[in-house]
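So the chains spell out like this:
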Amino acid sequence: MTNTLSPIRIGIVCAANNIEILNRRLLSSPDIKMADVPIFVVYNSASAADAYATAAASAISVDWWVWVHQDVFLPAGWIENFKQQIIQASRQWPNLAVAGSYGLTPTWQRAGRLLDRGVLLHEDHPLPCLAKSFDEHLVALRADARLEFDPALGFDLYATDVAIVAEQHGFC
């Protein structure tokens, strides 16, 4: 099977308050340095919602906006792997509008993989899968679903909240 690059267009969104951490982690990720992907870094934003809205309101045309914390490092190949996982998941769930790399399934099982403060969280539940809750380190929203984070939540629980709102609007 020939591996072809995915036609999915993504953009990266990050709220930052520490340029040193941002440069050392997210902006040093190989795919970020090499890929032709729009990156919106919003400094000292009042909330995740405000930062995300800046990117979503831009004239940049993407299929998915990927919200990433400033201290996340994405390994080489992450962007293409993410796109392939989105394609696979969208075949299973055509109304997919929220995705992440770590979260909880509808039966509250942990799913995904994440290196968190030096501890590898690698769950047995296979991805892609449906999720009811996402860790905020990385969450992606399908652009045409027009979902947004709740500004009242600041920087807490916005990923789980947007998953709940998505389900209420017929998305998963």
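A brief structural summary. (Residues numbered from 1 in each chain as written. Predicted model: local features only at pLDDT ≥ 70, side-chain atom pairs only at ≥ 80, totals over all residues. Heavy atoms only, no water.)

### Quick word on the sheet that holds strand β1 (residues 10-16)
Strand order in this open sheet of five strands is β2-β1-β3-β9-β4, and the pairing throughout is mixed. Each end of this open sheet is capped by a strand with a single partner; those strands are β2 (39-43) and β4 (98-100). Shown here is a sheet whose adjacent strand axes are inclined to one another by a mean of 20 degrees, direction ignored. Looking at chain direction, strand β3 (residues 64-68) and strand β9 (residues 138-142) are connected through five bridges and run antiparallel. Of the residues in β9, the one forming a bridge with V66 is A140. Contacting β1, β2, β3 and β9, helix α3 (residues 48-56) runs over the sheet at an angle of about 145 degrees to β3. (Pairing = 2+ DSSP bridges. Helix = DSSP H or I, 4+ residues; strand = E, 2+ residues; numbered from the N terminus. Axes fitted to C-alpha atoms, helices over the stretch in contact; angles between N-to-C directions. Contact = heavy atoms within 4.5 Å.)

### Comments concerning the sheet that holds strand β7 (residues 119-122)
Reading across from one edge, β7-β6-β5-β8 is the order of the four strands in this open sheet, with antiparallel pairing throughout. If you trace the sheet from one side to the other, it starts and ends with β7 and β8 (133-134), each paired once. Inspection of the sheet shows strand β5 (residues 102-104) paired to strand β6 (residues 110-116) by three bridges, in the antiparallel sense. If you follow L104 over to β6, its bridge partner there is R110.

### As for the pairing of β9
Remember that side chains alternate between the two faces of the sheet whenever the strand is regular. Of all five residues in β9, five are buried, a share of seventy percent or more. In β9, alternate side chains face the same way, and those of L138, A140 and R142 on one face and V139 and L141 on the other are all buried. When β4 meets β9, the two strands line up antiparallel, connected through three bridges. Pairing of V98 across the sheet is with L141, part of β9. (Buried < 20%, exposed > 50% of the residue type's maximum accessible area, 1.4 Å probe, protein only.)

### Things to note about α3
Residues of α3 that are buried include every one of A48, A49, A51, Y52 and A55, and no others. Considered in projection along α3, the buried side chains sweep an arc of 165 degrees and stay on one side of the axis. In this fold, the buried residues of α3 make contact with β1, β2, β3, β9 and α5 (158-168). (Arc of directions from axis to C-beta.)

### Description of the nonpolar core
Within the largest apolar cluster, 25 residues are counted, with the highest numbers of intra-cluster contacts made by W67, V98, L147 and F149. At the level of elements, β1, α3, β3, β9 and α5 are the ones that each hand at least two residues to this core. Those residues within four positions of W67 in sequence are excluded, and the remaining contacts are V13, A15, A48, A51, Y52, E136, H137, L138, V139, F149, F155 and Y158. Counting 24 residues, the second largest nonpolar core, distinct from the first, contains I10, A16, A99 and L138. (Core = buried A, V, L, I, M, F, W, Y, C linked by side-chain atoms within 4.5 Å.)

### Some words on the environment of Q85
Looking at where Q85 falls in the secondary structure, it is placed in helix α4 (residues 78-92). For Q85, a relative accessible area of 25% puts it in the partly exposed group. In this structure the C-alpha to C-alpha distance between Q85 and H69, which are 16 residues apart in sequence, comes to 20 Å. Once residues within four sequence positions are removed from consideration, Q85 is found in contact with L127 and P128.

### Describing α5
Every buried residue of α5 is listed here: Y158, A159, T160, V162, A163 and A166. Where α5 is buried, its residues contact α3, β3, β4, β8 and β9. Of the residues flanking the end of α5, it is G170, one or two places downstream, whose phi is positive at about 85 degrees.

### Some words on the environment of G11
Within the secondary structure layout, G11 lies in strand β1. Accessibility expressed as a relative area gives 0% for G11, which makes it buried. Separated by 52 residues in sequence, G11 and D63 place their C-alpha atoms 8.1 Å apart. Those residues in contact with G11, other than ones at most four positions away along the chain, are V37, P38, V62, W64, W65 and V66.

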